[in-house]
Amino acid sequence: QRQIEAIGTARAQDSAELFARSDGIVTAVLFDGGDYVREGAPLVRLESREEQLAVDLAQNAVREAEQLLGRYRRIEDTGALSDSQIEQGETALVSAQIQLRQAKLALDQRTVRAPFSGNIGFTEVDVGDRVTTSTLIAQLDRRSTLFVDFQAPESVYDAMTPGRAVSITPYSMPDRTYEAEVRDRNTIISSEERNFTVRARVPNAGDTLR
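Parameters at a glance
Residues numbered from 1 in each chain as written. Predicted model: local features only at pLDDT ≥ 70, side-chain atom pairs only at ≥ 80, totals over all residues. Heavy atoms only, no water. Helix = DSSP H or I, 4+ residues; strand = E, 2+ residues; numbered from the N terminus. Contact = heavy atoms within 4.5 Å. Buried < 20%, exposed > 50% of the residue type's maximum accessible area, 1.4 Å probe, protein only. Phe/Tyr/Trp six-rings, centres within 6.5 Å; stacked < 30°, edge-to-face > 60°. Lys NZ or Arg CZ within 6 Å of the ring centre and 35° of its normal. Salt bridge = Lys/Arg side-chain N within 4 Å of Asp/Glu carboxyl O.

**Some details on the side chain of Glu 51**
Working step 1: Mapped onto the elements, Glu 51 comes out in helix H1 (residues 49-74).
Working step 2: Once residues lying within four places of it in the same chain are set aside, the contact partners of Glu 51 are Ala 103, Ala 106, Leu 107 and Arg 110.

**Describing the environment of Phe 19**
Working step 1: Mapped onto the elements of the fold, Phe 19 is located in strand E1 (residues 8-19).
Working step 2: The class of Phe 19 is partly exposed, set by a relative accessible area of 33%.
Working step 3: The sequence separation of Phe 19 and Ser 134 amounts to 115 residues, and the corresponding C-alpha distance is 6.5 Å.
Working step 4: Contact partners of Phe 19, with chain neighbours within four places excluded, come to Val 112, Thr 133, Ser 134, Thr 135, Leu 136 and Ile 137.

**Focus: the packing of aromatic side chains**
Working step 1: Overall, the coordinates contain 1 aromatic pair when judged by the stated rule.
Working step 2: Where Tyr 157 meets Phe 196, the ring centres are 4.7 Å apart and the plane angle is 65°; that geometry is what we call edge-to-face. On the criterion of sequence distance, the pair formed by Tyr 157 in the loop between strand E8 (136-153) and strand E9 (165-168) and Phe 196 in strand E11 (residues 195-203) is long-range, its members being 39 residues apart.
Working step 3: Exposure remark for Tyr 157: the relative accessible area of 19% places this residue in the buried category.
Working step 4: Judged by relative accessible area, Phe 196 falls into the buried class, the value being 1%.
Working step 5: A cation sits over an aromatic face here: Arg 183 above Phe 147, 4.6 Å from the ring centre.

**Notes on the pattern of salt bridges**
Working step 1: Tallied over the full model, the rule gives 9 salt bridges.
Working step 2: We note a salt bridge from Asp 207 to Arg 143, for which the minimum N-O separation is 2.6 Å. Of this pair, Asp 207 sits in the segment after E11 while Arg 143 is found in strand E8, placing the two residues 64 residues apart along the sequence.
Working step 3: The partner of Asp 149 in a salt bridge is Arg 199, and the shortest N-O contact between them spans 2.7 Å. Of the two residues, Asp 149 sits in strand E8 while Arg 199 sits in strand E11, which places them 50 residues apart along the sequence.
Working step 4: The exposure class of Arg 199 is partly exposed, given its relative accessible area of 25%.
Working step 5: Salt bridges sharing common partners tie together Arg 143, Asp 207 and Arg 210.

**Examining unusual backbone geometry**
The general pattern is negative phi for most residues beyond glycine and trans for most peptide bonds.
Working step 1: One non-glycine residue, Arg 194, adopts positive backbone phi at about 55°.
Working step 2: With respect to the helices, strands and loops of the structure, Arg 194 is situated in the loop between strand E10 (178-185) and E11.
Working step 3: What makes Arg 194 partly exposed here is its relative accessible area of 41%.
Working step 4: Despite not being glycine, Asp 207 shows a phi value in the positive range, around 55°.
Working step 5: A residue is classified by how much of its surface remains accessible, and Asp 207, at 26% relative accessible area, is partly exposed.

Just distances and angles here, no functional claims.
Right, dumping it as structure tokens:
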């Protein structure tokens, strides 16, 4: 038997840096660093009075288009309207509905939401701050499973097949060992170090690993 020890670096199964989709003034920060947030949960809200007014105008345009088309439908059989007028009324309604969806989308983009469930880090954003699309809101990690990358010597390449069991001991908990399995291995071997990268997968249901 051969025992190989290596220093590994862990990363979350999913990790995302969160940014706003548009510039604006922060009106609410709805999380604290370290919170577990659900997918779709609102995290930060930006000032949105103009976008709400656009939604109201678009809703009014849809109602007017529906009423006009309804009047056209009621007198359609009388011959007082041509087919082209009916089609114009239908087109006007479709256009108004599209404008309403666009307005609702613009309003929704004034809220930063969690793209998946996970633990969110600290933020430097406060109420009243002006943020841009390049302002980092926070980082979100789904760490129920961690991937650990480490370097292994070329001599054990054939042994590091997917599914192979490996043991992991965290620096912060030297007396504890976690069982993991090889998820994948790099197809390239370093010509200088004569080693390759292995990625192992370790369950982290208790959220004890970082």
